[in-house]
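Analysis of the macromolecular model
As a plain string of letters, each chain reads:
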Amino acid sequence: MNFERSNKLYEQACRYIPGGVNSPVRAYKSVNMAPVFVKSARGAYVTDEDGNRFLDYIGSWGPMILGHASDIALKGVEEVIRAGTSFGAATAVEVDVAKLICDAYPSIDMVRMVNSGTEAAMSALRVARGYTGRDMILKFEGCYHGHSDALLVKSGSGTLTYGIPTSAGVAADTAKHTIVGKYNDLISLKEIFENDGKRIAAVIVEPVPGNMGVVPPKIEFLMELRRKTKEYGTLLIFDEVITGFRLAFGGAQEYFGIKPDITCLGKIIGGGLPVGAYGGKRDIMNVVAPLGGVYQAGTLSGNPVAMHMGLNVLRYLQSHKELYKQMEENAKRLQEGFETNIADTGIKAVTTRVGGMLGIFFTDQCVKTYEDVMMSDTAMYARYFRGMLERGVLMPPSQFEGIFLSAAHTTDDIDKTIEINRRVLKEIQINE
Ligand code: KE4
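Residues numbered from 1 in each chain as written. Predicted model: local features only at pLDDT ≥ 70, side-chain atom pairs only at ≥ 80, totals over all residues. Heavy atoms only, no water.

**Some points on the sheet that holds strand 3 (residues 53-56)**
Reading across the sheet, the 4 strands line up as 1-2-3-15 and stay open at both edges, with mixed pairing between neighbours. Lying at the two open borders of the sheet, with one neighbouring strand each, are strand 1 (38-42) and strand 15 (393-394). Across 3 bridges, the pairing between strand 2 (residues 45-48) and strand 3 is antiparallel. Pairing of Thr 47 across the sheet is with Arg 53, part of strand 3. Lying over the sheet, helix 15 (residues 411-431) contacts strand 2, strand 3 and strand 15, oriented at roughly 105 degrees with respect to strand 3. (Pairing = 2+ DSSP bridges. Helix = DSSP H or I, 4+ residues; strand = E, 2+ residues; numbered from the N terminus. Contact = heavy atoms within 4.5 Å. Axes fitted to C-alpha atoms, helices over the stretch in contact; angles between N-to-C directions.)

Here's what the structure looks like:
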């Protein structure tokens with residue numbers, strides 16, 4: 001496969017953009033090759049600058065649930081753009097989107113639009129601190145909630161698990177207010193709340209982590225999170241930036257029947273344009289300016305074009321909920337095909353799946369925790385990624401991301417992926 005134009009663009013990009021990309025994962029660092037530069041996309045396929053066409057399992061990291069450049073998402077968008085792309089004023093379409101989200105999520109009485117999942121999570125934490133008057137927050141190792149300082153934190157040394165920054169530039173003082181727990185670990189959770197429960201403003205969690213690969217939650221872990229947060233007056237924040245409108249129309253909270261206090265949304269709700277949102281019960285959201293003292297603002301928040309495209313997608317999903325069953329069946333088919341190939345080739349790999357969310361890990365461990373995930377053979381994942389790419393399938397360029405399906409992926413696409421997956425695993429096994 002020829003990547004000449006992508007490689008040239010990458011060289012140029014590296015002169016003007018840090019790492020040649022506007023988001024680190026796009027640099028393909030962990031799969032040891034120069035990144036593919038995408039030129040266009042349609043349905044389940046993307047085409048790169050060299051004219052190579054790939055069956056796409058990144059889906060822009062989640063927004064493209066109806067497939068790329070879907071006629072449904074794009075309906076009427078030119079007219080909306082010609083009427084003005086941003087006014088810095090309230091618009092009717094924002095009310096429509098807010099109403100649809102509140103109707104779809106019983107835990108949300110009021111919702112505020114922002115421009116990214118990062119902004120949604122950052123603002124949700126500020127609301128929780130403003131509402132409770134507490135400073136500490138609890139997150140879990142392996143969960144990602146965007147790049148705001150308080151959330152770029154990993155477990156500190158010692159037993160107390162107080163945070164230390166995962167990124168340069170995060171003040172130690174900030175990180176010390178973040179406690180980092182172990183996902184799916186009830187003992188760690190109990191200890192943390194016994195030590196600090198009364199000081200914790202909020203727990204923020206991906207109800208189904210998609211940022212350490214897809215790790216299925218233990219339902220008793222999610223239920224204990226709900227119980228403990230209620231017991232200690234801590235707010236439970238579900239970061240549904242990936243799972244919202246993906247796992248079910250009502251997100252993970254519908255799928256598992258657990259209601260958080262605050263929900264973060266993003267990706268799908270903008271139909272592929274910059275978007276984020278956070279929402280919760282009225283008494284909590286009443287602290288948000290201009291009603292209350294928690295300030296949050298944004299020039300392009302709720303902009304008419306993203307709202308229009310998001311509304312197109314959400315309305316379609318609302319009236320075609322059978323798509324969730326179709327995507328779950330496709331994910332199941334893909335997982336079964338991968339599992340058969342793994343068994344036939346003897347390659348050390350496992351798959352995980354929650355609804356339509358799917359992951360593959362190059363390890364022989366059963367993947368339940370962040371520690372399990374970290375046992376994965378990332379070098380083998382890199383070989384897998386390159387092998388699939390060479391044969392026309394674009395998987396996520398990192399072992400620690402989820403596989404994103406869309407309503408545009410057909411059964412033929414799934415079967416083609418399974419066959420290519422078999423050949424690549426066979427090739428890896430021969431070269432082992
Ligand atoms: P954004 O700021 O990237 O819109 O959203 C941050 C975010 C928050 N919460 C969850 C659960 C997320 O998955 C994300 C962002 N997801 C990554 C992909 N796993 C974005 C891809 C990237 O960083 O380029």
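**A word on the pattern of salt bridges**
Scanning the model with the defined rule gives 22 salt bridges in all. The partner of Asp 71 in a salt bridge is Arg 42, with the nearest N and O atoms 3.0 Å apart. Remark: Arg 42 occurs in strand 1 and Asp 71 occurs in helix 2 (residues 71-74); sequence separation between them is 29 residues. Residue classification places Asp 71 among the exposed residues on the basis of a relative accessible area of 54%. On the basis of relative accessibility, which here comes to 46%, the residue Arg 42 falls in the partly exposed class. Asp 196 is paired through a salt bridge with Arg 199; the nearest N and O atoms lie 2.7 Å apart. One connected set of salt bridges, linked through shared partners, spans Glu 224, Arg 227, Lys 228 and Glu 231. (Salt bridge = Lys/Arg side-chain N within 4 Å of Asp/Glu carboxyl O. Buried < 20%, exposed > 50% of the residue type's maximum accessible area, 1.4 Å probe, protein only.)

**Section: the packing of aromatic side chains**
Aromatic rings considered in pairs are described by the distance between their centres and by the relative angle of their planes. A complete count under the given rule lists 11 aromatic pairs for this structure. Their ring planes at 55 degrees and their centres at 5.1 Å tell us that Phe 362 and Tyr 384 sit as a pair that is tilted. Of this pair, Phe 362 sits in the loop between strand 14 (357-361) and helix 13 (370-373) while Tyr 384 sits in helix 14 (residues 378-390), and the two are 22 residues apart along the sequence. Summarising the burial analysis for this pair, Phe 362 and Tyr 384 share the class buried. (Phe/Tyr/Trp six-rings, centres within 6.5 Å; stacked < 30°, edge-to-face > 60°.)

**Remarks on empty space enclosed by the protein**
All chains considered together, the criterion is met by 2 cavities of 30 Å³ or more. If you trace the largest cavity, you find it lined by Gly 43, Ala 44, Asp 56, Gly 59, Met 64, His 68, Arg 246, Phe 404, Leu 405, Ser 406 and His 409. Partitioning the lining of the largest cavity into residue classes produces 4 nonpolar, 5 polar and 2 charged. (1 Å grid on protein atoms, 1.4 Å probe; cavity = no way out; pocket = protein on both sides within 12 Å on 5 of 7 lines; lining within 4 Å. Points joined across faces, edges and corners; volume = space filled by probe spheres on them. Nonpolar A, V, L, I, M, F, W, Y, C, P; charged D, E, K, R; others polar.)

**With respect to the domain arrangement of the protein**
Each assigned domain of the protein is listed with its residue range as follows: domain 1 (4-69 + 321-431) and domain 2 (73-319). On the side of domain 2, 33 residues touch domain 1, which itself brings 33 residues to the contact. For the domain 1 face of the interface with domain 2, the top three residues by lost area are Tyr 324, Val 354 and Met 357, together amounting to 24%. The interface formed by domain 1 and domain 2 holds 1 salt bridge in total. The shortest N-O distance in the salt bridge between Glu 371 and Lys 182 comes to 3.5 Å. If you look at where domain 1 meets domain 2, you find 11 residue pairs in polar contact (both at pLDDT 80 or more). Of all the secondary-structure elements, those providing two or more residues to the side of domain 1 that touches domain 2 are helix 12 (322-345), strand 13 (350-354), strand 14 and helix 13. (Domains from an automatic or database assignment. Buried area = accessible area lost by both parts, 1.4 Å probe. Polar contact = N/O pair within 3.5 Å; in protein donor to acceptor, adjacent residues only side chain to side chain.)

**Here we look at the site of the ligand**
Not every one of the 16 residues close to the ligand is listed here, only the nearest: Ser 23, Thr 118, Asn 211, Asp 239 and Glu 401. Measuring from an oxygen atom of the ligand, one finds a side-chain N or O atom of Thr 118 at 2.7 Å. When the ligand is considered free in solution it has 530 Å² of accessible area, and contact with the protein chains removes 85% of it. Within the shell around the ligand, the residues separate by chemical class into 5 nonpolar, 7 polar and 4 charged. (Near = heavy atom within 4 Å. Areas by Shrake-Rupley, 256 points an atom, 1.4 Å probe, with all protein chains shown as cover.)

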